[in-house]
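In case you want the letters, here they are:
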Amino acid sequence: MVSVNAGAAWAKGLFPLVGSQGVTALRVGLAALVMLAVVRPWRTPPARADMRNLLVYGLMLGCMNLLIYAAFARIPIGIAVAIEVVGPLAVVVLSSRRARDVGWVLLAAGGLWLLAPVHAGVPPLDPVGVAYALGAAFCWAMYIVFGKRVSTLDGGQAVAWGMLAAALFTVPLGAAHAGPALLLPSVLAGGLAVALLSSALPYTLEMAALRRLPRRVFGILVSAGPAFAALAGWVVLGERLTGMQWLAILLVIVACGGAAATASRPA
């Protein structure tokens, strides 16, 4: 959580130079190169049965990065992540299928409602940015589902193959948007820092966690993401949220953590 959100705040500082698409291309492309060099997954090719799951995992990984960075460009990081984390909440609730879990959904919905500009003292949010964050939430949910399916692959192979699949479409898109600016030394150095902090390191740690933890425990840990994101936005970018917005983030965190903590154990 610390690594990925510090990288997100650093990435937003690069948006004026190459746009959110360009930063996504740098993050995913450089992370893919690092993972391929370190893991060398071609030494043990994945089984045919794993190929489809790896492809979807990589597709969701790339789309999640594109959408959340597009949201970061329009709304504060903490609020964007609070919306995005609804994706893992949906995974927990749908895997539980208990009536009482509707309460957690309502609590999260109440938190998101507090972000609406209909309340006094709440500044308006860019609706396009909110839509991008919701799209990232869906992709994050699918990332968890398919990440769990491929997490049995050893030595970070799932992350390496997934990063490669994500890079195949995010890098051309970012290059088309940013052009030669992507190759500036300062931009490449910043992109490498983002790739390591926000992709290579945290995704490898997540795969290690998914192999060792039940999905509900993983969901509890992930639920703290919006708080880390808001703090990173404040420390690195000077993004200051209102008291109502902090309350909204807190409600989302409690809903996600509570749903994960009370989720029924699989048979």
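Calculation criteria
Residues numbered from 1 in each chain as written. Predicted model: local features only at pLDDT ≥ 70, side-chain atom pairs only at ≥ 80, totals over all residues. Heavy atoms only, no water. Helix = DSSP H or I, 4+ residues; strand = E, 2+ residues; numbered from the N terminus. Rg over C-alpha atoms; globule rule 2.2 N^0.38 Å. Buried < 20%, exposed > 50% of the residue type's maximum accessible area, 1.4 Å probe, protein only. Contact = heavy atoms within 4.5 Å. Areas by Shrake-Rupley, 256 points an atom, 1.4 Å probe, with all protein chains shown as cover. Lys, Arg positive; Asp, Glu negative; His and termini not counted. Charge placed at Lys NZ, Arg CZ, Asp CG, Glu CD. Phe/Tyr/Trp six-rings, centres within 6.5 Å; stacked < 30°, edge-to-face > 60°. Expected span 1.5 Å × (residues − 1). Bend = angle between axes of the 7 residues up to and from the residue. Core = buried A, V, L, I, M, F, W, Y, C linked by side-chain atoms within 4.5 Å. Disulfide = S-S within 2.5 Å. Salt bridge = Lys/Arg side-chain N within 4 Å of Asp/Glu carboxyl O. Polar contact = N/O pair within 3.5 Å; in protein donor to acceptor, adjacent residues only side chain to side chain.

Engineer: Describe the overall build of the protein chain, naming the residues involved and giving the relevant values.
Structural biologist: Of the regular secondary structure elements, the protein chain holds 12 helices and zero strands. Going residue by residue from the N terminus, the α and β elements of the protein chain occur as α-α-α-α-α-α-α-α-α-α-α-α. A globule of 267 residues ought to have a C-alpha radius of gyration of about 18 Å, and the protein chain, at 18 Å, matches this closely. In terms of overall dimensions, the protein chain has C-alpha extents of about 50 × 50 × 25 Å along its principal axes. Per-residue burial over the protein chain gives 51% buried out of 267 residues. Counting only contacts in the protein chain whose residues sit at least 6 apart along the sequence, the fraction spanning at least 24 positions is 88%. Taken as a whole, the protein chain presents about 11800 Å² of accessible surface, with 73% of it coming from carbon and sulfur. Each charge class in the protein chain can be summarised by its mean position, and for the 18 positive and 7 negative side chains these summaries are 7 Å apart.

Engineer: Residues and numbers for helix α4 (residues 77-84), please.
Structural biologist: Burial of α4 is extensive: eight of the eight residues sit out of reach of the surface. Those residues of α4 that sit buried are I77, G78, I79, A80, V81, A82, I83 and E84.

Engineer: Explain the packing of aromatic side chains residue by residue, including any values.
Structural biologist: All told, the structure shown has three aromatic pairs when counted by the stated rule. Taken together, a centroid distance of 5.3 Å and an interplanar angle of 20 degrees make the contact between Y57 and Y143 stacked. Within this pair, whereas Y57 is found in helix α3 (residues 48-72), its partner Y143 is found in helix α7 (residues 127-150), the two being separated by 86 residues in sequence. In terms of burial, Y57 and Y143 fall into one category: buried. Taken together, the ring pairs connect F15, Y69 and F72 into an aromatic cluster.

Engineer: Quick one: what's the story with the side chain of Q157, residue by residue and with numbers?
Structural biologist: Within the secondary structure, Q157 is located in helix α8 (residues 157-178). Judged by relative accessible area, which is 11%, Q157 ranks as buried. Ignoring any residue separated from it by four or fewer positions in sequence, one finds Q157 in contact with V39, P41 and T44.

Engineer: I'd like a rundown of helix α9 (residues 185-212), residues and numbers included.
Structural biologist: For α9, spanning 28 residues, the distance from its first C-alpha to its last is 39 Å, which sits close to the expected 40 Å at 1.5 Å a residue. L196 marks where α9 bends most, by close to 40 degrees.

Engineer: With reference to specific residues and values, describe the nonpolar core.
Structural biologist: One recurring pattern in soluble globular proteins is that nonpolar side chains are buried together. Counting 43 residues, the largest nonpolar core has Y143 and M163 as its most contacted members. Among the elements of the structure, α2 (15-39), α3, α5 (86-96), α7, α8, α9, α10 (215-222) and α12 (243-261) are those that each provide at least two residues to this core. Examining the composition of this core, we find that eight residues originate from one element, α7, more than from any other. Grouped together as the second largest cluster of nonpolar side chains are 35 residues, I77, A80, L241 and I253 included.

Engineer: Help me get a handle on unusual backbone geometry, residues and values and all.
Structural biologist: Positioned with a positive phi, R40 is a non-glycine residue whose angle comes to about 50 degrees. For R40, a relative accessible area of 40% translates into the label partly exposed.

Engineer: Break down the state of the cysteines for me, with residues and values.
Structural biologist: Overall, the coordinates contain zero disulfides when judged by the stated rule. Left without a disulfide partner, C256 is nearest to the cysteine sulfur of C139, which lies 17 Å away.

Engineer: Describe the environment of K148, listing the residues and the values that go with them.
Structural biologist: Within the element layout of this structure, K148 appears in helix α7. Here the alpha-carbon distance between K148 and A31, two residues 117 residues apart in the chain, equals 20 Å. What K148 contacts, discounting residues up to four positions off in sequence, is L210, L213 and R215.

Engineer: Break down the side chain of R27 for me, with residues and values.
Structural biologist: Along the chain, R27 turns up in helix α2. No salt bridge is formed by the buried R27. Its closest oppositely charged neighbour is E84, at 7.8 Å. A distance of 2.8 Å separates a polar atom in the side chain of R27 from a polar atom in the side chain of N65. Ignoring anything within four residues of it in the chain, the contact list for R27 reads V4, N65, Y69, G191, V194, A195, S198, S199 and Y203.

Functional significance is not addressed by these values, which are geometric in nature.
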